[in-house]
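Residues per chain are reported as follows:
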Amino acid sequence: MRSKEFDAIGGDLIPRLQEIQQKFGYLQPDELDRLCEQTGVSRARLISVASFYSQFRMVPYGKHTIKVCVGTACHVKGADRVYDAFRRELHLEGEGITTADGQYTIERVACLGCCALAPVVQIDSRIFGHVQPGRVGEVLAEFEAMESQEIREETADGRSIQGEVRLGMENCCQASGTAEVRDAVVKACQSLGIQVHIKPISCIGACNQVPLIDVATTDGHIVRYPHVKPDEVKEILLHHFRPASRWRRWQNAIVNQIDTLHTDQTWDNILFTPEHQRTQAVNTFLTGQFHISTEGFGRLNPLNLEEYTTLGGFEALKKVLGMSRRQTIGEVLRSGLRGRGGGGFPTGRKWQAVADSCVGGMPPFVICNGDEGDPGAFMDRILLESYPLRVIEGMMIAAYAVGAAKGFFYIRAEYPQAVIRIRKALDLCREHGLLGDRILGTDFCFDIRVFEGAGAFVCGEETALIASMEGRRGFPHLRPPYPSRKGLHGRPTLINNVETLSQVPYIIRYGADEYRKVGTEGSPGTKVFALAGRVRHGGLIEVPMGTTLRQIVEEIGGGVEDGEALKAVQTGGPSGGCIPAGLCDAGVDFDGLNEMGAIMGSGGLVVLGESSCMVDVARYFLRFTCSESCGKCTFCRIGIRRMLDILDRLTTGKANEEDIDRLEQLALSVKRAALCGLGKTAPNPVLSTLRYFRREYEEHVQGICRTGSCKQMVKLEITDDCVGCTKCARSCPSEAIAYTPYERHVIDTGRCTQCGLCIDECDYHAIIKVRSQF
């Protein structure tokens with residue numbers, strides 16, 4: 001059914017449906033039947049209308065929604081086991097997703113954008129990082145405690161400010177407890193009488209070190225503290241600031257003396273020494289980075305326009321308003337900037353094509369593509385949340401260059417904080433005459449709106465994105481015509497990625513020649529990556545093009561966690577490939593990655609250690625693209641499904657030798673014949689793992705999974721090293737191990753879910769994975 005037909009039918013029905021959902025929490029069947037009788041519309045047609053608008057629930061949802069992220073980074077760190085653990089904790093049976101008391105509903109989501117904290121769970125608006133299967137009860141208890149707690153803050157009494165405490169308040173920070181640290185700072189300042197300015201700052205990328213705070217004193221001295229706990233805040237403040245009165249200073253001195261009696265170390269020995277590993281980890285993480293898109297990281301308030309302009313913000317816009325449009329495009333062309341959304345198409349050429357297409361016609365549109373659907377990627381989210389004014393400035397320069405009067409931010413609705421920040425930043429710009437009519441006193445008129453995407457992965461593709469904005473289903477179409485000639489509402493349309501636009505102000509301000517000094521000849525500039533997976537120091541990084549994957553993993557990321565050897569690095573998300581450790585000394589740029597069977601993609605870098613099964617990794621990505629396929633073309637709709645069937649057989653020990661050849665043949669066919677870029681690149685994870693890790697595929701045909709990741713091919717067994725301590729039995733959530741003290745325990749494989757908690761608890765390494773018999 002066409003969208004216009006739905007609009008005609010739904011115009012009167014939508015308010016009625018909204019009333020039902022508001023009252024019952026979902027479209028209650030009896031109420032739907034009553035509405036059918038009143039309106040004469042059939043039940044099937046009513047459900048079709050509700051499904052089209054995607055704002056209605058067809059099943060009852062609880063008071064709180066638990067979203068378990070199953071993106072790439074979370075998948076390789078056990079997200080499925082976390083999901084199963086929540087279901088056990090909530091006593092959910094069968095296919096049920098809502099608890100009997102109506103308190104909780106659980107669901108899987110593709111990616112929450114906090115990959116450095118995997119596995120990640122979101123309950124309502126609160127995010128929890130590093131969630132383990134055996135700790136889900138603690139997570140629920142913490143959430144319920146947070147819900148019932150009320151924090152009251154008192155305002156300052158006018159005394160002079162003694163310094164500044166800076167905290168990152170992005171999703172990754174909040175998932176690790178930065179909100180609680182901020183509350184502790186407020187309470188400590190009140191009790192000590194210390195007057196400091198508490199400042200939210202842009203993300204510094206060190207997601208592995210949060211909660212992280214910077215303390216800035218009035219003499220310009222700044223000290224950074226990673227992994228801060230709420231009960232540590234008071235002593236940090238006392239190290240830098242004097243309490244308001246002599247009585248408070250004496251009182252806290254006595255308290256500190258008492259605390260010192262119960263500890264072997266003091267904060268002077270722990271945090272205030274730069275050589276200490278907690279501080280050193282942050283310093284190592286930031287070494288080797290070069291900040292263009294993230295310029296001003298760690299000190300810029302995302303929504304402080306005055307601060308942004310003080311650091312050079314909107315200087316580039318002022319500069320281009322004194323240049324011709326052709327000069328502006330020429331400068332971007334000379335810079336060699338290539339699109340950071342994945343394809344690497346020269347940005348200046350795209351701008352030129354749009355400008356040439358609208359000569360004498362209607363003005364074009366400009367769209368910032370913030371539909372970051374790749375699991376394992378969170379670059380766009382951080383840039384939109386931490387540097388909204390920079391992205392807006394880049395978008396305005398692009399609009400001036402192509403002659404546009406209207407622009408749009410297309411942001412996935414799963415990034416609510418990014419949407420809020422961008423809207424607030426746009427309002428700030430309008431208030432100060434930077435958006436709207438006669439910008440900065442010139443003839444340039446331009447305004448921007450925000451469009452929230454519904455979360456379909458395919459809508460990251462340009463033509464599908466345009467279809468979505470026009471109210472149609474997100475189907476890509478054959479090109480030509482390209483959006484640069486015929487895009488949104490038939491007009492020429494410039495679509496650039498968030499990171500691409502964030503690079504533009506630097507090019508204009510410092511010049512193309514200065515920009516080309518960074519990076520490589522064919523790929524100038526920097527690239528922002530989301531470093532995640534089995535790496536010690538994950539987070540957001542920005543490095544010059546040409547930096548090797550080994551430098552990123554070993555020097556910036558601190559190596560593979562738990563002492564594992566590096567096995568591969570997966571780049572480009574579901575459209576990318578797996579690069580083996582032996583090739584990780586190659587520089588990262590567009591052409592080099594393509595030669596190795598991978599792509600740059602939007603910037604996800606997932607590190608895989610020796611404990612990662614490459615067949616399981618390929619299956620994970622193919623399962624994602626299969627579920628996200630729009631279904632328009634046969635090769636993508638059916639070809640990927642058949643490939644996934646083969647991978648399912650491989651990971652369950654039911655495949656044969658011919659299946660490997662058939663899988664490769666199917667992958668090559670889909671790559672050649674799929675309609676859009678997403679379909680053509682969907683086989684990349686399979687082709688790259690077949691190319692570099694074919695031996696693992698052959699082992700799976702023999703029923704061997706060397707890492708034990710494929711559950712149906714292994715089972716847990718307790719060896720003779722067991723001393724009968726019962727720790728495994730007490731930790732087993734499925735009661736698969738009988739409680740028999742001082743006897744060798746036995747695992748009931750019929751009840752065992754292979755959650756791995758028993759392995760973690762055993763001090764004698766007596767629990768191992770062995771091959772299942774088929």
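In short, a report on the structure. (Residues numbered from 1 in each chain as written. Predicted model: local features only at pLDDT ≥ 70, side-chain atom pairs only at ≥ 80, totals over all residues. Heavy atoms only, no water.)

## Things to note about the pattern of salt bridges
Evaluation of the coordinates by the stated rule reveals 43 salt bridges. With a shortest N-O distance of 2.5 Å, Lys 567 and Glu 696 are connected by a salt bridge. Of the two residues, Lys 567 sits in strand β15 (residues 566-571) while Glu 696 sits in helix α30 (residues 694-701), which places them 129 residues apart along the sequence. Here Glu 696 falls in the buried class, since its relative accessible area comes to 3%. Across the salt bridge formed by Arg 619 and Asp 648, the nearest N and O atoms sit 2.7 Å from each other. On the criterion of sequence distance, the pair formed by Arg 619 in helix α25 (residues 614-628) and Asp 648 in helix α26 (residues 634-650) is long-range, its members being 29 residues apart. Residue class for Asp 648 comes out partly exposed when judged on its relative accessible area of 24%. Taken together, the shared-partner salt bridges connect Lys 77, Arg 534, Glu 561, Asp 562 and Glu 564 into one network. (Salt bridge = Lys/Arg side-chain N within 4 Å of Asp/Glu carboxyl O. Helix = DSSP H or I, 4+ residues; strand = E, 2+ residues; numbered from the N terminus. Buried < 20%, exposed > 50% of the residue type's maximum accessible area, 1.4 Å probe, protein only.)

## Re the sheet that holds strand β5 (residues 163-168)
Note on sheets: strands pair through backbone hydrogen bonds, and any given pair is parallel or antiparallel. Pairing in this open sheet of 4 strands is mixed, and the strands run β6-β5-β7-β8 from one edge to the other. Among the strands making up the open sheet, the edge pair consists of β6 (196-201) and β8 (222-225). Across the sheet, the mean angle from the axis of one strand to that of its neighbour is 20°, orientation sign disregarded. The sheet contact formed by β5 and strand β7 (residues 213-217) spans 5 bridges and is antiparallel. (Pairing = 2+ DSSP bridges. Axes fitted to C-alpha atoms, helices over the stretch in contact; angles between N-to-C directions.)

## Quick word on the side chain of Ser 502
With respect to the helices, strands and loops of the structure, Ser 502 is situated in helix α21 (residues 498-510). Of note is the side chain of Ser 502, whose polar atom sits 2.7 Å from the side chain of Ser 293. Discounting residues that sit within four places of it in the chain, Ser 502 has contacts with Ile 292, Ser 293, Leu 383, Arg 390 and Val 391. (Polar contact = N/O pair within 3.5 Å; in protein donor to acceptor, adjacent residues only side chain to side chain. Contact = heavy atoms within 4.5 Å.)

## Quick notes on the packing of aromatic side chains
Under the defined criterion, the tally for this structure stands at 10 aromatic pairs. Ring centres of Phe 457 and Phe 624 lie 5.0 Å apart, and the angle between their planes is 75°; this geometry places the pair in the edge-to-face category. Placement of the pair is Phe 457 in the loop between β11 (447-453) and α20 (462-469) and Phe 624 in helix α25, with a sequence separation of 167 residues. Both residues of the pair, Phe 457 and Phe 624, count as buried. Ring geometry for Tyr 506 against Tyr 510: centres 4.6 Å apart, planes inclined by 50°, an arrangement best described as tilted. Note that Tyr 506 and Tyr 510 are positioned in helix α21 at a spacing of 4 residues, about one turn of the helix. Linked through ring pairs, Tyr 400, Phe 444 and Phe 446 together constitute an aromatic cluster. When the ring centre of Tyr 415 is taken as origin, the NZ or CZ atom of Arg 412, which lies over that ring, is 5.0 Å away. Positioned above the aromatic ring of Phe 529, the side-chain terminus of Lys 527 is 5.4 Å from the ring centre. (Phe/Tyr/Trp six-rings, centres within 6.5 Å; stacked < 30°, edge-to-face > 60°. Lys NZ or Arg CZ within 6 Å of the ring centre and 35° of its normal.)

## Comments concerning the sheet that holds strand β12 (residues 493-497)
Strand order in the open sheet formed by 4 strands is β11-β10-β9-β12, with parallel pairing between adjacent strands. Looking at the sheet topology across the chains shown, the edges are occupied by β11 and β12. Pairs of neighbouring strands in the sheet enclose a mean axial angle of 20°, with direction left out of account. Direction of pairing for strand β9 (residues 365-370) relative to strand β10 (residues 406-412): parallel, over a ladder of 6 bridges. Opposite Val 366, over in β10, you have Gly 407 as the bridge partner.

## Some thoughts on unusual backbone geometry
For the peptide bond that leads from Arg 479 to Pro 480, omega is 5°, which places it in the cis range. Tracing the sequence through the fold places Pro 480 in the loop between α20 and β12.

## Topic: helix α9 (residues 233-240)
All of the buried residues along α9 are Val 233, Ile 236, Leu 237 and His 240. Buried positions in α9, seen along its axis, are confined to an arc of 95° and lie on one side of it. Buried residues along α9 sit in contact with β5, α8 (178-192), β7 and β8. (Arc of directions from axis to C-beta.)

## Some thoughts on the pairing of strand β18 (residues 714-718)
Here is the key point about a regular strand: its side chains alternate between the two faces of the sheet. Along β18, the buried face is formed by Val 714, Leu 716 and Ile 718; none of Lys 715 and Glu 717, which line the opposite face, is buried. Across 5 bridges, the pairing between β18 and strand β19 (residues 767-771) is antiparallel. Within β19, the residue paired with Glu 717 across the bridge is Ile 768.

## Some words on the pairing of strand β13 (residues 526-533)
In terms of burial, β13 is largely enclosed, as 8 of its 8 residues are buried. Every second residue of β13 is oriented toward a common face, with Thr 526, Val 528, Ala 530 and Ala 532 on one face and Lys 527, Phe 529, Leu 531 and Gly 533 on the other, all of them buried. Taken together, the 6 bridges between β13 and strand β14 (residues 539-544) define a ladder with antiparallel strand orientation. If you follow Val 528 over to β14, its bridge partner there is Glu 542. The loop that links β13 with its antiparallel partner β14 comprises 5 residues. Alignment of β13 against strand β17 (residues 604-609), held across 4 bridges, turns out to be parallel. In the sheet register, Leu 531 faces β17, and the bridge partner there is Leu 605.

## Re the environment of Ser 176
With respect to the helices and strands, the residue Ser 176 is situated in the loop between α7 (171-175) and α8. For Ser 176, a relative accessible area of 22% gives the class partly exposed. Residues within four places of Ser 176 in sequence aside, it is in contact with Leu 117, Val 210 and Pro 211.

## Here we look at the environment of Ala 399
Counting through the fold element by element, Ala 399 comes out in helix α18 (residues 388-402). Accessibility expressed as a relative area gives 0% for Ala 399, which makes it buried. Taking the C-alpha atoms as reference points, Ala 399 and Trp 351, separated by 48 residues in sequence, lie 9.3 Å from one another. Look past the residues within four positions of Ala 399 in its chain and what remains in contact with it is Arg 325, Val 366, Ala 404, Phe 444 and Phe 446.

## Section: α21
Of all 13 residues making up α21, 12 are buried, and the element is well covered by its neighbours. Among the residues of α21, those classed as buried are Val 498, Glu 499, Thr 500, Leu 501, Ser 502, Gln 503, Val 504, Pro 505, Tyr 506, Ile 507, Ile 508 and Arg 509. The opening residue of α21 is Asn 497, an N-cap whose side-chain oxygen sits 2.8 Å from the backbone nitrogen of Glu 499. Positive backbone phi, at 100°, marks Gly 511, one or two positions downstream of α21.

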